[in-house]
Structures are given as structure tokens and as C-alpha cells.
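Results of the structural survey
So the chains spell out like this:
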Amino acid sequence: MAEQGKTVREAIFVRDGGAVARSRTYHLTQRYQVRHEDVERMISAQHGLCVVCWDRPPEHVDHCHRTGDVRYALCLPCNTGIGQFRDDPGVVRRALSYIEATVEGYDEVEVPEAELAELIRAEERLRADFYAKVSRVG
Ligand SMILES: [Zn+2]
């Protein structure tokens with residue numbers, strides 16, 4: 001449990017005297033030429049959330065395996081998941097189709113057509129707004 005009024009990241013930073021940040025800065029600087037402050041700024045622009053699941057704190061700086069360019073900060077499950085799918089949109093789309101076709105109960109809630117269309121538009125607006133506001137480093 002994080003200390004009162006602190007995020008988990010801040011509580012960890014205080015508890016270890018900044019060792020995690022220093023260690024991450026060294027790793028990021030050596031590997032991607034980005035500073036800890038840049039990553040903190042990027043995470044702040046991501047509203048403190050992984051840009052894939054919008055559910056967990058982004059603890060890993062994701063990069064393109066082809067170019068080496070830094071992309072965004074992701075949580076561990078999303079970062080490793082994307083790696084497991086080999087950064088291949090075709091594989092990810094087929095995995096999505098597979099899940100939709102095989103996971104029972106995925107579409108159990110019946111929603112009227114007009115309401116569903118409005119929910120989809122609202123989701124698209126939310127995503128467009130979210131991704132318009134996030135920024136990368138490097
Ligand atoms: Zn995630």
C-alpha cells in the first residue's frame with residue numbers, strides 16, 4: 001500500500017532513496033539516450049497509465065525492436081505481450097479475432113443497436129482524445 005498522498009512510484013522512490021530512479025536513468029541513458037526526467041514527463045502526459053490497457057502504471061519504456069526508437073511507457077504485461085506478438089499488427093489482429101471467436105460470454109450483454117453505436121462513438125472519441133494528449137520522448 002502506498003503511503004498517504006503518494007503514488008506507488010513516489011513511495012518507492014522515497015523508500016529506496018531514489019535508487020530505482022538512478023538505476024533506471026542509467027539503463028535508459030545507456031540504451032536509449034533518454035533521461036529519467038523525460039520518462040517521468042512522458043508518464044505524466046500518459047496520465048500515469050499504460051497507453052495500451054489504461055489500467056496499470058507504466059513501468060517500462062517500450063521501444064521499436066526494428067529501429068530502437070523509444071515509443072511509450074507501458075505496464076509489464078502489455079510490454080511483454082506486445083513483444084510476444086512480435087510487434088506484428090497482423091498477429092495482434094488475429095489474436096483479437098481468436099479471442100472474440102472463442103471466449104464465451106464476451107458478447108453476452110444485449111445492447112440496442114443505437115445505444116451500441118453511441119457507445120462505440122464515445123469510446124472512439126475517448127481514445128482519440130487520450131492519444132492526442134500523450135507524448136513520446138526521444
Ligand atoms: Zn498495460
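Cut-offs used in this document
- Residues numbered from 1 in each chain as written.
- Predicted model: local features only at pLDDT ≥ 70, side-chain atom pairs only at ≥ 80, totals over all residues.
- Helix = DSSP H or I, 4+ residues; strand = E, 2+ residues; numbered from the N terminus.
- Buried ≥ 20, exposed ≤ 12 C-beta atoms within 10 Å, placed from the backbone.
- Contact = placed C-beta atoms within 7 Å.
- Core = buried A, V, L, I, M, F, W, Y, C linked by C-beta atoms within 7 Å.
- Pairing = 2+ DSSP bridges.
- Expected span 1.5 Å × (residues − 1).
- pLDDT = per-residue confidence, 0-100.

The helix and strand inventory of the protein chain stands at six helices and two strands. Walking the protein chain from its N terminus toward its C terminus, one meets helices and strands in the order α-α-α-β-β-α-α-α. When burial is assessed residue by residue, the protein chain has 12% of its 138 residues classed as buried. Across the protein chain, contacts joining residues at least 24 apart in sequence account for 43% of those joining residues at least 6 apart.

The subject of this paragraph is the nonpolar core. Judged by nonpolar contacts, Val-39, Met-42, Ile-43, Cys-50, Val-51, Val-61, Val-70, Tyr-72, Ala-73, Leu-74, Cys-75 and Cys-78 together constitute the single largest core of twelve residues. Listing elements by their share of this core, those giving two or more residues are helix H3 (36-45) and strand S2 (70-74). At four residues, the largest contribution of residues to this core is made by S2.

Bringing the pairing of strand S1 (residues 60-63) into the picture now. Where S1 and S2 come together, three bridges link them in antiparallel fashion. Paired with Val-61 across the two strands is Ala-73, which belongs to S2. The loop that links S1 with its antiparallel partner S2 comprises six residues; one of these, Gly-68, has a positive phi angle of about 85°.

Turning to helix H5 (residues 89-102), a few remarks are in order. Note on helix geometry: an α-helix contains 3.6 residues per turn, so any two residues three or four positions apart are oriented the same way. Over its 14 residues, H5 extends 20 Å from the first C-alpha to the last, a length consistent with the 20 Å expected when each residue adds 1.5 Å. Burial within H5 is sparse, with just zero of its 14 residues counted as buried.

Mean pLDDT over the protein chain works out to 79, with 71% of the residues at or above the 70 mark. Taken element by element, the protein chain is modelled with least confidence in helix H1 (residues 8-15), mean pLDDT 50, and with most confidence in helix H4 (residues 76-84), mean pLDDT 94.

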